[in-house]
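# Summary of structural features
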Amino acid sequence: MATKVFMEALSPTMEEGRLVKWIKNEGDAVKSGEPIAEVETDKAIMELVARGDGVLRKRLIGEGDSRPVGTLVGVIATADENIDALVASAGAPAESTPPAAAPAKAPESAPAAPAPQTQPQSVQPTLAPTPAPSGDSGSVVRSSPLARRLASDKGLDLAHVRGSGPGGRIIKRDIESASAAPSAGAAPMRAPASGNDFDDIPLTQIRKTIAKRLSESIGPIPTFYLTAEFDLTRATEMRAAMVEMGDEFKVSINDILMKAVATALAQHPEVNSHWLGDRIRQHNRVHLGMAVATPDGLIVPVIFDADRKRMSEISREAKELAKRARERKLKPEEYTGSTFSISNLGMFGIDQFTAIINPPEVAILAIGASTDVVVPDADGEDISIQKRIRVTMSCDHRAVDGAVGAAFLQTLRRLIENPLMLVF
């Protein structure tokens, strides 16, 4: 019996997906649990896994096409089974490529009608964070993730690079050779100017989700902002002492700030809350979301139970999550479930900014750059230079009043300016 392949909800908030790459060609044998395609969700690139044994008889959408969750995108059946009714129910399919050992030209797509929801197929994070680019001929250029990243950094078009890896796959040394010897065939990634007044850039699934989520926040949510300036002198001294103790104890100022925020949230559950329309849910566990910029948009991985973890644990976890977020390898459970979020643009030299609340959370903290400030003493007769930092808290006034937000920032100030309190 034929098995329908649907565009499944591969993340909790996914409403549509973009098929990045077909792993299986039409005519290829597939087994249940075997990946057959890569799909870009609103957060990452995931593998779409077969839920039945047989042959991939029909690919109903092409690579690069987006479809809503529930759309029929392929059919798995036996080699001699009649699937005409299934294909007809999905609308006129794209012309598909004949089975081939090597990657072939992607099929041209045509609209496919939504199919009824079924049990979601199992998913696994893909090993390839970005789709392989295509050459001028339409054939897929096979390359490793590292090679694609290096090519992007160096401005090379992979279609003009000869691969020396297995099956002609482009690997790191090919990029290094091409960038060192342009005459070998390397070419700029951008084509010559066409004379157009503008270029339209298609939205990625992540960018679509960002746009939708933010439109649900800054307009409907009555937001007010609280800005405070903290003295980082003792935190800086503590960090320097920890660095001298060795790599095991090395942390960043941002790690100290995250630990301080998590500790303060545990003392102020009114801020560590979700607005649920008819009620406010105060969380007894602190799950700290940290905004990470990626080439495709912002994603917020979560450090769970951050208030109960040591600074060294937070530091290691934050580095690993940020790295995998940029590589598009996060699992859905790693970027959902935050109770409060922070966004730090200090490393970009931004002194102060306001961040947009991530609903249903009721607040978010924006962290600016640390700067040296001349500060007079109490009697005004002497001055000193202090390392200081500005933070701005965006608050949902439906759940957080001004006094509640101010009390949270007072606690945060006490912890940051007396960081030894964070180690007990």
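Computed from a prediction, not measured in an experiment: that's the story for all the values here.

Conventions adopted
Within each chain, residues carry numbers counting from 1 in the order of the written sequence. Two thresholds apply to this predicted model, a pLDDT of at least 70 for residue-level local features and 80 or more for giving and counting side-chain atom pairs, whereas whole-chain, interface and lining totals are computed over all residues. Remark: hydrogens and water are excluded; side-chain values derive from all non-hydrogen atoms of the structure. A carboxyl oxygen of Asp or Glu within 4 Å of a side-chain nitrogen of Lys or Arg is what we treat as a salt bridge. Secondary structure follows DSSP: runs of H or I at least 4 residues long count as helices, runs of E at least 2 residues long count as strands, and numbering of each begins at the N terminus. Only protein chains enter the area calculation, which uses a 1.4 Å probe; residues under 20% of their type maximum are buried, those over 50% are exposed, and those in between are partly exposed. Strand pairing follows a simple DSSP-based rule, namely that at least 2 bridges must link the two strands. pLDDT expresses, on a scale from 0 to 100, how confident the predictor is about each individual residue. Any two residues having at least one pair of non-hydrogen atoms within 4.5 Å are treated as being in contact. In this description, a line fitted to the C-alpha atoms serves as the axis of each element, helices being fitted only across the stretch in contact, and the angle between N-to-C directions of two axes falls anywhere from 0 to 180 degrees. Put simply, angles under 35 degrees are roughly parallel, angles over 145 are roughly antiparallel, angles from 65 to 115 are roughly perpendicular, and the rest are oblique. Crossings are sorted by hand: turned counterclockwise from the far helix by less than a right angle, the near helix makes the crossing left-handed, and turned clockwise it makes it right-handed. Polar here means any residue outside two lists: the nonpolar Ala, Val, Leu, Ile, Met, Phe, Trp, Tyr, Cys and Pro, and the charged Asp, Glu, Lys and Arg; Gly therefore counts as polar. Given a helix with a known number of residues, its expected span is that number minus one, times 1.5 Å. To be clear, the arc concerns the directions from the helix axis to the C-beta atoms. Here a pair means two rings of Phe, Tyr or Trp (six-membered ring of Trp) with centres within 6.5 Å. Their orientation is stacked below 30 degrees between planes, edge-to-face above 60, and tilted elsewhere. We call a set of buried residues a nonpolar core when its members are Ala, Val, Leu, Ile, Met, Phe, Trp, Tyr or Cys and they connect through side-chain atoms within 4.5 Å of each other. Polar contacts, as counted here, are pairs of nitrogen or oxygen atoms within 3.5 Å of one another; within protein the pair requires one atom able to donate a hydrogen and one able to accept it, and residues that are adjacent in sequence qualify only if both atoms are side-chain atoms.

Here the idea is simple: oppositely charged side chains can pair when their charged atoms come close. A full pass over the atoms with the stated rule returns 18 salt bridges. With its nearest N and O atoms 3.1 Å apart, the salt bridge here joins E229 to R390. With a gap of 161 residues between them, E229 in strand β10 (residues 223-231) and R390 in strand β19 (residues 383-396) connect regions that are remote in the sequence. Owing to a relative accessible area of 27%, E229 belongs among the partly exposed residues under this scheme. Residue classification places R390 among the partly exposed residues on the basis of a relative accessible area of 40%. The salt bridge partner of E327 is K323, with a shortest N-O separation of 3.1 Å.

Another point: the sheet that holds strand β1 (residues 3-6). Read from one edge to the other, the open sheet built from four strands follows the order β1-β8-β6-β3, with strand pairing classed as antiparallel. With one partner strand each, in any of the chains shown, β1 and β3 (29-30) form the two edges of the open sheet. Both strand β6 (residues 54-59) and strand β8 (residues 72-77) contribute to a ladder of four bridges, which runs antiparallel. Within the sheet, the bridge partner assigned to K58 lies in β8 and is V75.

Time to look at the confidence of the model for the protein chain. The predicted model of the protein chain averages 80 in pLDDT, with 80% of residues at 70 or higher. Predicted confidence is poor over residues 92-139, with pLDDT under 50, and the contacts of this stretch with residues over four places away or in other chains come to 133 contacts. In the predicted structure, residues 182-192 sits below a pLDDT of 50 and forms 16 contacts with residues beyond four places in sequence or in another chain.

A few words on the packing of helix α6 (residues 253-267) against helix α8 (residues 402-417). Where α6 meets α8, the closest approach of the two axes is 9 Å, and the angle between their N-to-C directions is 135°. Between α6 and α8, the angle falls in the class oblique. Where α6 crosses over α8, the handedness of that crossing is right-handed. Contact residues: α6 offers L257, A260, V261, T263, A264, L265 and Q267, while α8 offers F408, T411, L412, R414, L415 and I416. The class makeup of the residues in the contact of α6 with α8 is nine nonpolar, three polar and one charged.

A few words now on helix α5 (residues 233-244). Over its twelve residues, α5 extends 17 Å from the first C-alpha to the last, a length consistent with the 16 Å expected when each residue adds 1.5 Å. Within α5, the full set of buried residues consists of A235, M238 and M242. Angular distribution of buried residues about the axis of α5 spans 65°; they occupy a single face of the element. Within α5, the exposed residues directed more than 90 degrees away from the buried face are E237 and E244. On its buried face, α5 sits against α6, α7 (311-326) and α8. Following α5 by one or two positions, G246 has its phi on the positive side, about 120°.

Okay, the packing of aromatic side chains next. Each pair of aromatic rings is reported with the distance of its centres and the angle of its planes. Applying the stated rule across the entire model yields one aromatic pair. Seen from their ring centres, F340 and F408 are 5.9 Å apart, and the 50° between their planes marks the pair as tilted. Here F408 lies in helix α8 and F340 lies in strand β17 (residues 340-344), a separation of 68 residues in the sequence. For the pair shown, F340 and F408 are each scored as buried.

As a further point, take the packing of α6 against α7. The geometry of α6 relative to α7 is characterised by a closest axis approach of 9 Å and an angle of 115° between their N-to-C directions. As judged from the angle between their axes, α6 and α7 are roughly perpendicular. Crossing handedness for the pair α6 and α7: right-handed. When α6 is examined against α7, the residues D255, I256, M258 and K259 are found in contact with a partner set consisting of M311, I314, S315, A318 and K319. Looking at the contact of α6 with α7 residue by residue, the classes come out as five nonpolar, one polar and three charged.

On to α6, then. For α6, built from 15 residues, the straight-helix expectation of 21 Å at 1.5 Å per residue is met to within 8% by its first-to-last C-alpha distance of 22 Å. Counting buried positions along α6 yields eleven of 15 residues, so the element is predominantly enclosed. Of the residues making up α6, those classed as buried are D255, I256, L257, M258, K259, A260, V261, A262, T263, A264 and L265.

What follows deals with the nonpolar core. Proteins that are soluble and globular tend to have nonpolar side chains buried together. If you look at the biggest cluster of nonpolar residues, it comprises 52 residues, and the most contacted ones within it are F340, L365, F408 and L412. Once residues within four sequence positions are removed from consideration, L412 is found in contact with F230, A260, V261, A264 and L365. Judged by nonpolar contacts, the second largest core, of 19 residues, contains I36, A37, L56 and V69.

Turning our attention to the side chain of K24. Tracing the backbone through its elements, the reader meets K24 in the loop between β2 (16-22) and β3. The exposure class assigned to K24 is buried, which follows from its relative accessible area of 15%. Within the structure, the side chain of K24 is placed 2.9 Å from the side chain of E34, a separation counted as a polar contact. In contact with K24, not counting residues within four places along its chain, are A29, V30, E34, P35, I36, L56 and R59.

Below, the discussion takes up the pairing of strand β18 (residues 363-376). Where β17 meets β18, four bridges bridge the pair, whose relative direction is parallel. Among the inter-strand pairings, I342 is bridged to a residue of β18, identified as L365. Bridge count between β18 and β19: twelve bridges; the pairing is antiparallel. Bridge pairing in β19 links I367 to V391.

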